[in-house]
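Take a look at the letters that make up each chain.
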Amino acid sequence: MKILSGMQPSGTLHLGNYLGALRQWVEVQSADAHYCVVDLHALTLQISPEMLRKNTTDLLATYLAAGLDPEVCTIFIQSQVPYHAQLNWLLECVATYGELSRMVAFKEKSARQEGYRVGLLTYPVLMAADILLYDTEEVPVGDDQRQHLELTRDIAERFNNRFGDTFTVPLGVQPKVSARVMDLQEPTRKMSKSISSPLGTIYLFDSPSDIKRKISKAVTDTDGDVRYDWETKPGISNLLEIYASFAKETPDAIASRYTRYGDLKTDLANLMVENLSPLRESYDRLIQSPAELHAVAERGAEKAREQAGAVYRRAAQAMGL
Ligand code: ATP
Ligand code: LTN
């Protein structure tokens, strides 16, 4: 199965990024899987060059710490494979302004910024280029990326209809639970990097005491019944999904073992510390050797350029270039 996914180097990952995306990537990695640090996408954020460089190295270390193995899959930095920016242009001449301006992420992010740049609008076209360059069949991402995936499929189909069969039409895949981890303080809103919520966000490398504190303060409700029901109990349902994701059980099975919120929270916090501590230790070790991390990415980019180049030439030729 040909797989591609990526994340922006926009700061420390949170639990949603891990359970919704990165952990799936590790599970499905193979010689046909490509995982990139999408640094070109991060240019749409207000981020200094120094910070972008630091975040890129951090994200490489995080990928490896989470269990991506460069001997198994291809790990690379997007900007080191120029075909991404090149195919982006070809696809910008296929995508429409109307469909881009309807993207929910664009509407939300543009509303929060004055004088936002064009890149914020065209961002999903670059994402389509990332995916289509690798003949990708499946894209493991969290629930919030569904609309971008649909757009990628539309662009690929439109291109194929107009210029002949060129691209594989990819499918977005979400994990069964935790495809949308919610903020612990505001469980009707997704856990997010760009909205500050210090108590509501669990970072992948939070200390055990921070994890325990944030879980114990997580918003629940007053009826005291441990039940998996998003409609009436979003706080508890969110905790049950996080638990289910780590324990590899169903939220209902976990709910049936508890009668008190406090017990559920204590066990969940311990389970999280147990699962995340090894990641944190690996990260601390890997980040000491940035040159090695970049050597891994350089080897990955070499492989990626070969694959992406062939698809790029196919697309350029089909369009008459
Ligand atoms: P922002 O909130 O600023 O949009 P983000 O936290 O969504 O940022 P991204 O870099 O956009 O982070 O997402 C990286 C990956 O993590 C994507 O596959 C995305 O679907 C997934 N993801 C992000 N937030 C969550 C979440 N709360 N639950 C599950 N998956 C998530
Ligand atoms: N838009 C994605 C990041 C992203 C991506 C991709 C994900 C850029 N290119 C290709 C999967 C495949 C996000 O998480 N915000």
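Anyway, here's the lowdown on the structure attached to this text. This structure is a prediction, so every number in the text was calculated from the model and none was measured. (Residues numbered from 1 in each chain as written. Chains lettered and ligands numbered in written order. Predicted model: local features only at pLDDT ≥ 70, side-chain atom pairs only at ≥ 80, totals over all residues. Heavy atoms only, no water.)

1. Side note on the packing of helix α7 (residues 118–132) against helix α8 (residues 146–163)
Argument step 1. Where α7 meets α8, the axes come as close as 9 Å, and the angle between the chain directions of the two elements is 70°. Accordingly, the angle class assigned to the pair α7 and α8 is roughly perpendicular. Seen along the crossing, α7 lies across α8 with a hand that is right-handed. In this structure, α7 contributes Tyr123, Pro124, Met127, Ala128, Ile131 and Leu132 to the contact, and α8 contributes His148, Leu149, Leu151, Thr152, Ile155 and Ala156.
Argument step 2. Looking at the contact of α7 with α8, its residues break down into ten nonpolar, two polar and no charged. (Axes fitted to C-alpha atoms, helices over the stretch in contact; angles between N-to-C directions. Helix = DSSP H or I, 4+ residues; strand = E, 2+ residues; numbered from the N terminus. Parallel < 35°, antiparallel > 145°, perpendicular 65-115°, else oblique. Left-handed = near helix turned anticlockwise from the far one by under 90°. Contact = heavy atoms within 4.5 Å. Nonpolar A, V, L, I, M, F, W, Y, C, P; charged D, E, K, R; others polar.)

2. Regarding the state of the cysteines
Argument step 1. Throughout the structure, instances matching the rule amount to zero disulfides.
Argument step 2. Sulfur of cysteine 73: no disulfide; nearest cysteine sulfur belongs to cysteine 36 and is 11 Å away. (Disulfide = S-S within 2.5 Å.)

3. Some words on α7
Argument step 1. For α7, with 15 residues, the first-to-last C-alpha span of 22 Å sits near the 21 Å given by 1.5 Å per residue.
Argument step 2. The buried fraction of α7 is high, at 13 of 15 residues. (Expected span 1.5 Å × (residues − 1). Buried < 20%, exposed > 50% of the residue type's maximum accessible area, 1.4 Å probe, protein only.)

4. Describing the site of ligand 1
Argument step 1. Near ligand 1 lie 21 residues; those nearest to it are His14, Asp144, Lys190, Ser192 and Ser194.
Argument step 2. At a separation of 3.2 Å, an oxygen atom of ligand 1 approaches a polar side-chain atom of lysine 109.
Argument step 3. Within the side chain of lysine 193, one N or O atom sits 2.8 Å away from an oxygen atom of ligand 1.
Argument step 4. Look at ligand 1: alone it shows 590 Å² of surface, and the protein chains cover 94% of it.
Argument step 5. When residues in the shell around ligand 1 are grouped by element, the largest group, four residues, is from helix α1 (residues 15–27). (Near = heavy atom within 4 Å. Polar contact = N/O pair within 3.5 Å; in protein donor to acceptor, adjacent residues only side chain to side chain. Areas by Shrake-Rupley, 256 points an atom, 1.4 Å probe, with all protein chains shown as cover.)

5. Focus: the side chain of aspartate 58
Argument step 1. Tracing the sequence through the fold places aspartate 58 in helix α3 (residues 49–66).
Argument step 2. At a separation of 3.0 Å, a polar atom in the side chain of aspartate 58 contacts the side chain of tyrosine 283.

6. Regarding the pattern of salt bridges
Pairing between side chains becomes possible if they bear opposite charge and their charged atoms approach one another.
Argument step 1. Using the criterion set out here, one finds 21 salt bridges in the structure.
Argument step 2. When the shortest N-O distance is used, the salt bridge between aspartate 58 and lysine 54 registers 2.9 Å. Here aspartate 58 pairs with lysine 54, and both are found in helix α3, just four residues apart, close to one helical turn.
Argument step 3. Since its relative accessible area comes to 16%, aspartate 58 is described here as buried.
Argument step 4. Residue class for lysine 54 comes out partly exposed when judged on its relative accessible area of 45%.
Argument step 5. Between glutamate 186 and arginine 189 there is a salt bridge, and its shortest N-O distance comes to 3.5 Å.
Argument step 6. Each member of the salt-bridge network shares a partner with another, and the members are Asp221, Asp223, Asp225, Arg227, Asp229 and Lys233. (Salt bridge = Lys/Arg side-chain N within 4 Å of Asp/Glu carboxyl O.)

7. Side note on the packing of α3 against helix α12 (residues 261–286)
Argument step 1. Contact geometry for α3 and α12: axes closest at 8 Å, N-to-C directions at 135°. It follows that α3 is oblique to α12 by the angle criterion. As α3 runs across α12, the sense of the crossing is right-handed. Together, Asp58, Ala61, Thr62, Leu64, Ala65 and Ala66 of α3 and Leu279, Ser282, Tyr283 and Leu286 of α12 make up the contact between the two elements.

Shape is all these values report; function is a separate question.
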